[in-house]
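In case you want the letters, here they are:
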Amino acid sequence: MTAQGKLAGRVAIVTGASRGIGLAIAERLAADGARVCITARKPEPLAEAAASFPEGSVLTVAGRADDPEHRAEVFSRIQAEWGRLDILVNNAGINPAYGPLAELDLDAARKIMEVNVLGTLAWTQDALSHGLDKEGGCVVNITSVTGDVPSAGIGMYGVSKAAVSHLTRTLAAELGPRVRVNAVSPAVVKTRFSRALYEGKEEETTAQYPMKRLGAPEDVAGAVAYLVSDDAAWVTGQILTVDGGLLVAGGSA
């Protein structure tokens, strides 16, 4: 990280950032000069993740993404440490159920919507009331191509991500011009979270993609870094699909 980075002086939150896509996003924002608060459920993985950041550039706060007390602690710590907030990346998400919607346990469905959709809104509301509601504030939500086309076995996850995409557009319309709100929509990215979608069938899965590979966390991180930078100063309400060409080729995750 250098003082000349595109995001020098800015402060970001990345939820669900102890590994995978969230960690890659946080590392990229730090590399571009931001100070970053990373959150996740368990303190030990967060501490391990923080070891890769330059000294003074990272803050860790463990807790459940859908817990109001956890959110309050995050904003309190950021205010005490850095005194400002510029960027929120809503990456935390869950998918505790696999199978057809007709057989889905409704408690599981409620939990998916609670964390993935209402959690995204709650983090955004809290961020706005803790300093993000200012000229140049940015929100980036992580959605999914499963919100665009049905994906076998993870239908409710796709429903929740479709809702996040529409939430993104609605917030952008309401919060401009002071705050920009966009989303990044990946296809299958090689992480622990998504391995059920490719493990044991990676060659077959990859064949659907014009780019002939699955995504890497850094692919998503690069898209987020663009959307929170001044290069995207006139971009809001957009869902940036990062899928190696999957959708244009008629595929599904």
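Anything mentioned here points back to the structure above.
Scope of this entry: the structure provided in the associated data block. (Residues numbered from 1 in each chain as written. Predicted model: local features only at pLDDT ≥ 70, side-chain atom pairs only at ≥ 80, totals over all residues. Heavy atoms only, no water.)

## Focus: the overall build of the protein chain
Right, on to step 1. Counting secondary structure elements, the protein chain contains seven helices and seven strands.
Right, on to step 2. Taken from N to C terminus, the helices and strands of the protein chain fall in the order β-α-β-α-β-α-β-α-β-α-β-α-α-β.
Right, on to step 3. The C-alpha atoms of the protein chain give a radius of gyration of 17 Å, which matches the 18 Å a tight globule of 253 residues would have.
Right, on to step 4. Sequence-distant contacts, at least 24 apart, represent 70% of the contacts inside the protein chain between residues at least 6 apart.
Right, on to step 5. For the protein chain, the exposed area adds up to about 11,800 Å²; of that, 52% sits on carbon and sulfur atoms.
Right, on to step 6. Averaged over its 24 positive side-chain charges, the protein chain has a centre that lies 1 Å from the centre of its 29 negative ones. (Helix = DSSP H or I, 4+ residues; strand = E, 2+ residues; numbered from the N terminus. Rg over C-alpha atoms; globule rule 2.2 N^0.38 Å. Contact = heavy atoms within 4.5 Å. Areas by Shrake-Rupley, 256 points an atom, 1.4 Å probe, with all protein chains shown as cover. Lys, Arg positive; Asp, Glu negative; His and termini not counted. Charge placed at Lys NZ, Arg CZ, Asp CG, Glu CD.)

## Describing the sheet that holds strand β5 (residues 137-142)
Right, on to step 1. Taking strand neighbours across the sheet as the criterion, the seven strands line up as β3-β2-β1-β4-β5-β6-β7 in an open arrangement whose pairing is parallel. The sheet is open, and its two edges are formed by β3 (58-62) and β7 (239-242), each paired on a single side. Taken pair by pair, the neighbouring strands of this sheet meet at an average axis angle of 15°, ignoring direction.
Right, on to step 2. Where helix α3 (residues 68-81) meets the sheet, it contacts β1 (11-14), β2 (35-40) and β3, and its direction lies at approximately 155° from that of β3.
Right, on to step 3. Of the strands in this sheet, β4 (87-90), β5, β6 (179-186) and β7 are in contact with helix α7 (residues 217-227), which crosses β6 at around 165°. (Pairing = 2+ DSSP bridges. Axes fitted to C-alpha atoms, helices over the stretch in contact; angles between N-to-C directions.)

## Quick notes on helix α1 (residues 20-31)
Right, on to step 1. With 12 residues, α1 ought to run about 16 Å at 1.5 Å a step, and its terminal C-alpha atoms sit 17 Å apart, in line with that.
Right, on to step 2. For α1, the complete set of buried residues consists of I21, G22, L23, A24, I25, A26, L29 and A30.
Right, on to step 3. Structurally, α1 contributes buried residues whose contacts are with β1, β2, α2 (43-50), β4, β5 and α7.
Right, on to step 4. Looking at the residues trailing α1, positive phi occurs at G33, about 110°. (Expected span 1.5 Å × (residues − 1). Buried < 20%, exposed > 50% of the residue type's maximum accessible area, 1.4 Å probe, protein only.)

## Thoughts on the pattern of salt bridges
Right, on to step 1. Scanning the model with the defined rule gives 12 salt bridges in all.
Right, on to step 2. When the shortest N-O distance is used, the salt bridge between K6 and D231 registers 2.6 Å. Pair noted here: K6 is in the segment before β1 and D231 is in the loop between α7 and β7, with a separation of 225 residues, a long-range link.
Right, on to step 3. Assessed through its relative accessible area of 51%, D231 is described here as exposed.
Right, on to step 4. Two residues, D133 and R178, come together in a salt bridge whose shortest N-O distance is 3.4 Å. Pair noted here: D133 is in the loop between α4 (106-132) and β5 and R178 is in the loop between α5 (155-175) and β6, with a separation of 45 residues, a long-range link.
Right, on to step 5. Judged by relative accessible area, which is 39%, R178 ranks as partly exposed. (Salt bridge = Lys/Arg side-chain N within 4 Å of Asp/Glu carboxyl O.)

## As for the environment of G20
Right, on to step 1. Structurally, G20 can be placed in helix α1.
Right, on to step 2. Setting aside anything within four residues of it in sequence, one finds G20 in contact with T191 and P217.

## Observations concerning the pairing of β2
Right, on to step 1. β2 sits mainly inside the fold: five of its six residues count as buried.
Right, on to step 2. Handedness of the crossover joining β1 and β2 through α1: right-handed.
Right, on to step 3. In this structure, β2 lies alongside β3, joined through five bridges in parallel fashion. Note that in β3 the partner of I38 across the bridge is T60.
Right, on to step 4. Once the chain exits β2 it traverses α2 before rejoining the sheet at β3, and the crossover so formed is right-handed. (Right-handed = clockwise from strand over helix to strand, strands pointing away.)

## Re the nonpolar core
Right, on to step 1. Within the largest apolar cluster, 33 residues are counted, with the highest numbers of intra-cluster contacts made by I25, L29 and V224.
Right, on to step 2. Elements with a minimum of two residues in this core: β1, α1, β2, α2, β4, β5 and α7.
Right, on to step 3. Counting residues per element, this core draws most heavily on α1, at seven residues.
Right, on to step 4. In this view, L29 contacts L7, A12, V14, A34, V36, V89, A225 and V228; residues no more than four positions away in its chain are not counted.
Right, on to step 5. In this structure, W82, L85, L88 and V139 belong to the second largest nonpolar core, which totals 23 residues. (Core = buried A, V, L, I, M, F, W, Y, C linked by side-chain atoms within 4.5 Å.)

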